[in-house]
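Read off the chains here:
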Amino acid sequence: MNDVLKRPTIVEGIFYPENPDALSAMIKSGIASIPSVKNKKPFALITPYASYLFAKEAFSAAYSQIVGERYDTVIIISPLHKMAFQGIALTESDYFTSPLGEIEIDKETNEFLNGYNEEFIYYGEKYHLTEHSIETQLPYISTVLSKDTKIVPIIMGEPNTKFTILLSNAIQALIEKGKKEYLVIVTTNLSHNEKYDVANEKDKKFVDILKKMDPDYLAEQLALRQIEAYGGGCVVTLLRIATRLGKDKINILKQYNSGDISDDKLKVEGFISAYI
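Model, not experiment: these values are computed from the prediction. Along each chain, residues carry numbers from 1 onward, in the same order as the chain's sequence is written. It should be noted that, the model being predicted, local features are given only for residues of pLDDT at least 70 and side-chain atom pairs only at 80 or more, the latter also being counted only at that level, while totals for whole chains, interfaces and linings use all residues. Based on all heavy atoms of the structure, the side-chain values leave hydrogens and waters out of the count.

S.K.: Would you mind going over the environment of Ile88 in detail, with residue names and values included?
M.R.: Only DSSP runs of H or I covering at least 4 residues are called helices, and only runs of E covering at least 2 are called strands; the numbering of each starts at the N terminus. Relative to the elements of secondary structure, Ile88 occurs in strand E4 (residues 88-90). Only protein chains enter the calculation, and the probe is 1.4 Å; a residue is then buried if its accessible area is under 20% of its type maximum, exposed if over 50%, and partly exposed in between. The class for Ile88 is buried, based on a relative accessible area of 0%. Between the C-alpha atom of Ile88 and that of Cys234, which follows or precedes it by 146 residues, the distance is 11 Å. Other than its neighbours up to four places away in sequence, Ile88 contacts Phe120, Ile121, Tyr122, Ile154, Ile155, Phe163, Leu166 and Leu167. Contacts between residues were defined by any pair of non-hydrogen atoms, one from each residue, lying within 4.5 Å.

S.K.: Break down the sheet that holds strand E1 (residues 6-7) for me, with residues and values.
M.R.: Should DSSP find at least two bridges between two strands, the strands are taken to pair. The three strands lie next to each other as E1-E5-E6, forming an open sheet whose pairing is mixed. Of all strands in the sheet, those bounded by a partner on one side alone are E1 and strand E6 (101-104). Pairing geometry for E1 and strand E5 (residues 95-98), over two bridges, is parallel. Within E5, the residue paired with Arg7 across the bridge is Phe96.

S.K.: How would you summarise unusual backbone geometry if you had to cite specific residues and measurements?
M.R.: Within the chain, Met83 stands out as a residue other than glycine whose phi angle is a positive 55 degrees. Take Met83: it is sitting in the loop between strand E3 (73-78) and E4. By relative accessible area, Met83 is classed as partly exposed at 42%. One non-glycine residue, Arg225, adopts positive backbone phi at about 60 degrees. When its relative accessible area of 72% is taken as the criterion, Arg225 is described as exposed.

S.K.: How would you summarise the pairing of strand E12 (residues 268-275) if you had to cite specific residues and measurements?
M.R.: The element E12 is extensively covered by neighbouring structure, given that eight of its eight residues are classed as buried. Taking every second residue as pointing to the same face, both faces of E12 are buried, with Val268, Gly270, Ile272 and Ala274 on one and Glu269, Phe271, Ser273 and Tyr275 on the other. Relative to E12, strand E2 (residues 44-47) runs antiparallel, the two being bridged by two bridges. Of the residues in E12, the one forming a bridge with Ile46 is Ala274. Here two bridges tie strand E10 (residues 192-194) to E12, and the two strands are oriented antiparallel to one another. Among the inter-strand pairings, His192 is bridged to a residue of E12, identified as Glu269.

S.K.: I'd like a rundown of the pairing of E6, residues and numbers included.
M.R.: Two elements, E5 and E6, share four bridges in a ladder whose sense is antiparallel. Across the sheet, residue Thr97 finds its bridge partner in E6, namely Glu102. Between E5 and the antiparallel strand that follows it, E6, lie two residues.

Below you can see the structure in the form of structure tokens.
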């Protein structure tokens, strides 16, 4: 019998409470504070990956949009903070853990994506073991979706055009098979270590460009450093998928920075939440 592989937490007690009751109460109260305005079942969410202390409002706004909805599988696309690599990493784990329980990996979907392009979409567990961006999504997913919902964690090793096109093509092909109901989550922060006013200006420009739903223009402006998003390649990938599937509008829920939460206005982190 094969051993069950479980990806352990690495930012529990740092980015979010380690006590399950405190964590659950924080998430539920945050979502309850969001006005209930929802016109359709979301196809995708954009969320931050930062500490709940600063980014809770953005997390809550995004995940409030899927309360009461059902999906078979959640595809989570994350950037990488360490060890950049040429490719797209799937997980070998059977489950990802959080203080609110374990979430099963959709092995069938993993196999499809790996089979789509084995050279560049491959199993890279070492990247998942050190990256926190997917982990910060899990307590929210456990709270708002059913316990039988599975996940497909994906890490982009480089945010370049080749990989945003490859991954978007693979996920589009997966969705068009029509076998399962998927939710796509991409995780990104915006400005990093900027002064408050500079971050506000850059992040509002990011939102204006994002609303155009033009993945190539967004990629160009990121490359030219006119805007900033650590996770920008994940967002470009999402826009490529969405526009090919005929989706033409993105709904911005929250855009602010850590300076709106704390007294530190000299080095702030920008956050966004949105849905398609």
